[in-house]
Amino acid sequence: MAFEKAERVRLLPPYLFQEIDRLKAELVAKGVDVINLGVGDPDLPTPKHIIDSLNKAAQVPANHQYPSYSGMDDFKVCTARWYKRRFGVDLDPYSEVLTLIGSKEGLAHLPLAFINPGDLAIVPSPAYPVYHITTMFAGGESFFMPLLRENGFLPDLSAIPSDVARRAKILFINYPNNPTGAVAGRDFFERVVDFAKEYDLLVCHDAAYTEMAFGGYKPMSFLEVPGAKDVGIEFHSLSKTYNMTGWRLGFAVGNAQIVGGLGQIKSNIDSGAFNAVQQAGITALESDQSCVAEMQKIYQERLDALIPGLRRAGIEAEAPKATFYVWCPVPKGYTSKDFTSLLLKEAGIVTTPGSGFGAPGEGYIRMALTVSKERIEEAVARIQKLSF
Ligand SMILES: *Cc1c(COP(=O)(O)O)cnc(C)c1O
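Residues numbered from 1 in each chain as written. Predicted model: local features only at pLDDT ≥ 70, side-chain atom pairs only at ≥ 80, totals over all residues. Heavy atoms only, no water.

### Side note on the overall build of the chain
1) Next: Assigned secondary structure in the chain consists of 14 helices and 12 strands.
2) Next: Each of the three principal axes of the chain carries a C-alpha extent, and together these read 60 × 55 × 55 Å.
3) Next: For the chain, with 388 residues in total, the buried portion stands at 56%.
4) Next: Excluding contacts between residues fewer than 6 apart, the proportion of contacts in the chain whose partners are at least 24 apart in sequence is 75%.
5) Next: Summing over all exposed atoms, the chain offers an accessible surface of approximately 16,900 Å²; the carbon and sulfur share of this is 52%.
6) Next: Each charge sign in the chain was given a centre, from 39 positive and 44 negative side chains, and these centres are 3 Å apart. (Helix = DSSP H or I, 4+ residues; strand = E, 2+ residues; numbered from the N terminus. Buried < 20%, exposed > 50% of the residue type's maximum accessible area, 1.4 Å probe, protein only. Contact = heavy atoms within 4.5 Å. Areas by Shrake-Rupley, 256 points an atom, 1.4 Å probe, with all protein chains shown as cover. Lys, Arg positive; Asp, Glu negative; His and termini not counted. Charge placed at Lys NZ, Arg CZ, Asp CG, Glu CD.)

The following block contains the structure:
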């Protein structure tokens, strides 16, 4: 039998990291000692007090049943408390907070709630691929706004044609940013709120990296800006903050209509996050945050090994203020893909070509700080031996 795939599947580019995983597996099979700086998945374990909390919650029979669609009340209350403590933002836990099975799940379902076929979303480029792909799944189209170095990798909202802005339904933003490592300040978020109000846009801010910052820098929430809750929803995740990518726990907060719309889609698709995982999430958010400071310190040490090493090798890398990504320009004469293949074939180092995140990412590669300092030092030594 031949099962013809739906148009939306045939239109898919190969998922970026799937391709990288395949190349890496090929090299490993050949016996190469591969250093993987390709995927943004923390290598450090989940802190013990969070694992202990899951173990305890997993013993409770009530937790074995279907969870609530929108999330456990206790988890939502605790999320609202965390937002107040961390950002000074007030949230109603029952109408302005939604538990997610990882923030990717929520980001992916949002367009189904708000995009009709033919509608437009304004999407950054380069970016996490989910915003664009799931807009397409909902039948919408993306207008790409380039993130350029000369603008600090912030989109130039004034460059968006007004007919595009008028037609668009959703504006996606993501700071601290994957893949560029850029951060956004209050003035940018204020401009976003003004722009959204002027053009009647729903703002979707992906805030997965607010807790992964260096040198005392504290990224802000979009919702700290006056008026943001009138227009926006913010996605957060426990994945990166507490090394919990495998656990699948995140949340969406903000405008009640937007949160409610996403909740309506989700209740028809999934049945919520495992209660025991939400219980462990409460432990993560409510406990002493020294594990977060420890995580930041480890990434800082890795960064301190990587950046000067790359610079000595002639790569103009700059340290990010937040995220565990280093977004570096490739040497003259190389494309993103050429340079990632050189690093892979000649040095056994997996990196991600910037062009894989969108055309304006051409000329860059992304390195993730997800291996030990010793392995980073080894990577740097290998790169310094290359000639390019
Ligand atoms: C890692 C990441 C997420 C978080 O995904 P989860 O589904 O919560 O694990 C969201 N957005 C971006 C940009 C990311 O890099």
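### Re the packing of helix α3 (residues 48–58) against helix α11 (residues 275–286)
1) Next: Packing of α3 against α11 brings their axes to within 8 Å, and their N-to-C directions diverge by 145°. For the pair α3 and α11, the sense of crossing is right-handed. Taken together, the residues of α11 that come into contact with α3 (itself represented by His-49, Ile-50, Ser-53, Leu-54, Ala-57 and Ala-58) are Ala-276, Val-277, Gln-279, Ala-280, Thr-283 and Ala-284.
2) Next: In terms of residue class, the contact of α3 with α11 is made up of 8 nonpolar, 4 polar and no charged. (Axes fitted to C-alpha atoms, helices over the stretch in contact; angles between N-to-C directions. Left-handed = near helix turned anticlockwise from the far one by under 90°. Nonpolar A, V, L, I, M, F, W, Y, C, P; charged D, E, K, R; others polar.)

### Considering α3
1) Next: Along α3, the positions that sit buried rather than exposed are Ile-50, Ser-53, Leu-54 and Ala-57. Along the axis of α3, the buried residues cluster in a sector spanning 100°; they form a single face. Along α3, exposed side chains directed more than 90 degrees from the buried face belong to Lys-48 and Lys-56.
2) Next: Residues of α3 that are buried sit in contact with α11. (Arc of directions from axis to C-beta.)

### Let's talk about the site of the ligand
1) Next: As a structural note, the neighbourhood of the ligand is formed by 14 residues, with Asp-206, Ser-237, Ser-239, Lys-240 and Arg-248 the closest of them.
2) Next: A distance of 2.6 Å is found between an oxygen atom of the ligand and a side-chain nitrogen or oxygen belonging to Ser-237.
3) Next: At 2.6 Å, a side-chain N or O of Ser-239 approaches an oxygen atom of the ligand.
4) Next: Isolated, the ligand exposes 390 Å² of accessible area, and the fraction of that covered by the protein chains is 95%.
5) Next: Split into classes, the residues belonging to the shell around the ligand amount to 4 nonpolar, 6 polar and 4 charged. (Near = heavy atom within 4 Å. Polar contact = N/O pair within 3.5 Å; in protein donor to acceptor, adjacent residues only side chain to side chain.)

### Structural notes on the domain arrangement of the chain
1) Next: Under the domain assignment used here, the chain contains domain 1 (7–45 + 290–384) and domain 2 (48–286).
2) Next: The straight-line distance from the C-alpha centre of domain 1 to that of domain 2 is 25 Å.
3) Next: At the interface, 35 residues of domain 1 touch 33 residues of domain 2.
4) Next: Between domain 1 and domain 2 we count 1 salt bridge in total.
5) Next: Glu-318 is paired through a salt bridge with Arg-149; the nearest N and O atoms lie 3.2 Å apart.
6) Next: Linking domain 1 to domain 2 there are 9 residue pairs in polar contact (both at pLDDT 80 or more).
7) Next: Looking at the side of domain 1 that touches domain 2, the elements with two or more residues in it are α12 (290–312), β9 (325–329) and β12 (364–368).
8) Next: Here the side of domain 1 that touches domain 2 gets 7 residues from one element, more than from any other, and that element is α12.
9) Next: Among the residues making up the side of domain 1 that touches domain 2, the classes are represented as 22 nonpolar, 7 polar and 6 charged. (Domains from an automatic or database assignment. Salt bridge = Lys/Arg side-chain N within 4 Å of Asp/Glu carboxyl O.)

### Topic: the side chain of Thr-241
1) Next: Along the chain, the position of Thr-241 falls in the loop between β7 (232–237) and β8 (250–254).
2) Next: In contact with Thr-241, other than residues within four places in its own chain, are Glu-211, Val-292 and Met-295.

### Focus on the sheet that holds β9
1) Next: An order of β9-β12-β11 is seen for the 3 strands of this open sheet, with the pairing classed as antiparallel. Every other strand in the sheet has two partners, leaving β9 and β11 (352–353) as the edge strands with one partner each.
2) Next: Pairing between β9 and β12: 5 bridges, direction antiparallel. Residue pairing in the sheet places Tyr-325 in a bridge with Ala-368 of β12.
3) Next: Taken strand by strand, helix α13 (residues 336–347) contacts β11 and β12, and its axis lies near 45° from that of β12. (Pairing = 2+ DSSP bridges.)

### Remarks on the nonpolar core
1) Next: Formed by 106 residues in total, the largest nonpolar core has its most connected members in Tyr-242, Val-326 and Met-367.
2) Next: Sort the elements by how many residues they give to this core and α12 lands first, with 9 residues.
3) Next: Among the domains, domain 1 (7–45 + 290–384) and domain 2 (48–286) are the pair contributing at least three residues each to this core.
4) Next: When sequence neighbours within four positions are dropped, the list of residues in contact with Val-326 reads Leu-303, Leu-306, Ile-307, Leu-310, Ala-317, Glu-318, Pro-320, Ile-365, Arg-366, Met-367 and Leu-369.
5) Next: Listed in part, the 23 residues of the second largest apolar core include Ala-127, Tyr-128, Ala-138 and Ile-258. (Core = buried A, V, L, I, M, F, W, Y, C linked by side-chain atoms within 4.5 Å.)

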